Amino acid sequence: MGKLKEIKEIAELLILFLFQKSPIDDSKLFLEKIIKIMSKEPHPLFERVLVTQLWNEIAKPPAMFAGYSYRDFDGSDYSRFRLFSSTFGMAGSQYARSARIQNLPSEIPPTAETIFDSIMERNTFKAHPSGISATLFYLATIITHDLFNTDPRDPTINRNSSYLDLTPLYGNSKISAMQQPIRTFQDGLLKPDTFADSRILLQPPGVGAMLILFSRNHNYIAGELLKKNPDRFSNSDEDLFQTARLINCGYYLKIVIHNYIRTILGLDATKSEWFLDPTKPYNKSWLLQEVPTGIGNQVSLEFNYIYRWHPAIAEKDVEWSEKEFKRLGITPESTVNEFKEKVKDWSTILNKDPSKWTFNNMIRDEEGKFPNNKLAEELVNGTEKVAGAFGANNIPKIFRVIEVYGIQSARTLGLCSLNDFRRFLKLKPYDSFEDMMGHPSDLTVVNKLKSLYGNAIENVELYPGLMSEKTKPGDNIGSMLALPFTVSRAILSDAVNLVRNDRFFTDDFNQHNLAYWDWNILEDQASKKLASGGIIHQLFLKHLPGIYDNKSTWTLYSFISSSKIKDHLKNRDDLEGINYNKPLD
Ligand code: HEM
Ligand SMILES: [Ca+2]
């Protein structure tokens, strides 16, 4: 080989190593070339680069293991670093803390009641500016009940797993009363129309109706798995149950990515099928670091407050909550202790068998199932109900005691201020109350805030701040949910971490662990074309048969209210054949 050619080759190899161009085309025999060069004239630097490269390829400590492909009920062992952090994000762990406290308030804030009455209480209902429906918030409520379940005896403890693993359906522990009564222990099935978390019974019935769809989906998946793989699954309730759960969580994840986040960002108003995918592998390359996956997640206290979206509750759902709270003996004037006692009283008389629970006065049939049309009614009505707008003075009065409890609890635990949280997110801290409220500012709110917080912007507490700061524009691609500014930024970071750090959604989300599940099994070709990649309609069509029209916006775009949907889709000339027919009409 001529000297020039050799130098060229060495340069090529160095570029390959230094810039980590991948994938490497091994048919070019690069490795062999290095060995040839070294055999002629060993060079310590080259040798080092070669050994470093080979060494780097294997993760240390080992990141994945053979087997262990089931989700544990309490969320333990969800990190691929199983050797070190099997309790990462497990139910019963302490909340994480995200932000440092840098500025302590210069004076003691007024009582939580004063704060609520001044800047949080809803006086008149304001419709959501983009016409987001209550149905979107039914899913949001399942998500928050999946992630958060603060222990009333110790607010540092979260009784749920810090992952999207359908805890409200499957329960939060192997041994607790919550887990066992939901299963039949035959053929991997859940008891008919059953879920584990009794808190869902106190939510608007649309939330329970949506959770029942996931319960039915589990049983459908288990049935199909057994039919298709009798050799593996006959006489193996546990394998069947666990595999069905993994797949059901896969549907849930896909709904979150393709329906929920796409609606939140307003992508369905465009023709784009792009979606934010937190699960993709991103390996190390020239200038970019690897973005790890499956390393485990523990939700933070700040995230808990960021996700309290009580301003969004639709008018009719507030009426429903008022009746429900009255039945329990809770009023806006109840004290926090009274509230806790009433909820406890209610839960002690609940049937120990969740397959006997009912909500919204629905009656189970002889198989134990709720009537399809009653479940559908709640979801359809949810699409008719316009959610509430975010921003100051938008929380229904019936939530007073809950919010007072929340504010007091945040103080006991020492949550950071609104501005310290913005610093943590690398957002510009607000320099004045006018800055916090935006332009033009609502001067009434500005003045109320000034008087509550001693005219010092650094004193504004995180939660009351999040609930009253300026909101992003509605009817706008990128910010369709019109969230408060700081909330909108934080929620995406938390969502991405939550999903990406769960090994069952990333490193272990593969067809082997999912028994070669056919993801097209629920698919309906006509609706597939019209849904912009969304999939929640598949659950409506499959588990509430004969009720939904597969080309109706009520089915395909249920997260936008029916009064707004035509306007929302006005730029979608690609949706040929879509209709606006209301189900059950
Ligand atoms: C009518 C509808 C709703 C009702 C009746 C309701 C009721 C409640 C109650 C009673 C609590 C206090 C729980 C406790 O600490 O004991 C609470 C907390 C909370 N709510 Fe809501 N809520 C509703 C809607 C929502 C929505 C739409 C979201 C967000 C998507 C949400 C997110 C939260 C969060 C994150 C907490 C803190 C949970 C915890 O720390 O365990 N809620 N809600
Ligand atoms: Ca969970």
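Residues numbered from 1 in each chain as written. Chains lettered and ligands numbered in written order. Predicted model: local features only at pLDDT ≥ 70, side-chain atom pairs only at ≥ 80, totals over all residues. Heavy atoms only, no water.

1. Observations concerning the sheet that holds strand β2 (residues 150-151)
Phase 1 of the analysis: Read across the sheet, three strands follow the order β1-β3-β2 without closing on themselves; strand pairing throughout is antiparallel. Each end of this open sheet is capped by a strand with a single partner; those strands are β1 (93-94) and β2.
Phase 2 of the analysis: Sheet topology note: the β1/strand β3 (residues 154-158) ladder contains two bridges and is antiparallel. Looking at β3, one finds that Gln 94 is bridged to Ile 157. (Pairing = 2+ DSSP bridges. Helix = DSSP H or I, 4+ residues; strand = E, 2+ residues; numbered from the N terminus.)

2. Details of the nonpolar core
Phase 1 of the analysis: By size, the foremost hydrophobic cluster in this structure holds 153 residues, and its most contacted members are Phe 137, Tyr 260 and Trp 309.
Phase 2 of the analysis: Ranked by the residues each element gives to this core, the list is headed by helix α10 (residues 237-265), at 16 residues.
Phase 3 of the analysis: Excluding anything up to four places from it in sequence, Phe 137 contacts Ile 132, Trp 309, Ala 312, Ala 387, Phe 390 and Leu 481. (Core = buried A, V, L, I, M, F, W, Y, C linked by side-chain atoms within 4.5 Å. Buried < 20%, exposed > 50% of the residue type's maximum accessible area, 1.4 Å probe, protein only. Contact = heavy atoms within 4.5 Å.)

3. Points about the site of ligand 1
Phase 1 of the analysis: The full set close to ligand 1 counts 21 residues, and Thr 150, Gln 203, Asn 304, His 310 and Ser 321 are the nearest of them.
Phase 2 of the analysis: Gln 203 has a polar side-chain atom sitting 3.5 Å from a nitrogen atom of ligand 1.
Phase 3 of the analysis: Within the side chain of Asn 304, one N or O atom sits 2.7 Å away from an oxygen atom of ligand 1.
Phase 4 of the analysis: Looking at the shell around ligand 1 residue by residue, the class counts come to 12 nonpolar, eight polar and one charged. (Near = heavy atom within 4 Å. Polar contact = N/O pair within 3.5 Å; in protein donor to acceptor, adjacent residues only side chain to side chain. Nonpolar A, V, L, I, M, F, W, Y, C, P; charged D, E, K, R; others polar.)

4. Some remarks on the domain arrangement of the protein chain
One frequent convention defines the size of an interface as the accessible area lost when the parts assemble.
Phase 1 of the analysis: Assigned domains within the protein chain: domain 1 (1-57) and domain 2 (93-505).
Phase 2 of the analysis: Measuring from the centre of the C-alpha atoms in domain 1 to the corresponding centre in domain 2 gives 52 Å. (Domains from an automatic or database assignment.)

5. Considerations on the UniProt feature "binding site: heme b" (unreviewed entry) in the protein chain
Phase 1 of the analysis: UniProt's feature table lists "binding site: heme b" (unreviewed entry) at His 310, given in the numbering used throughout.
Phase 2 of the analysis: Relative to the elements of secondary structure, His 310 occurs in the loop between α11 (301-306) and α12 (315-328).
Phase 3 of the analysis: Contacts of His 310, omitting those with residues within four sequence positions, involve Arg 122, Asn 394, Ile 395, Pro 396, Phe 399, Ile 402, Glu 403 and Tyr 463. (UniProt positions renumbered as here; feature names shortened; annotations may be inferred.)

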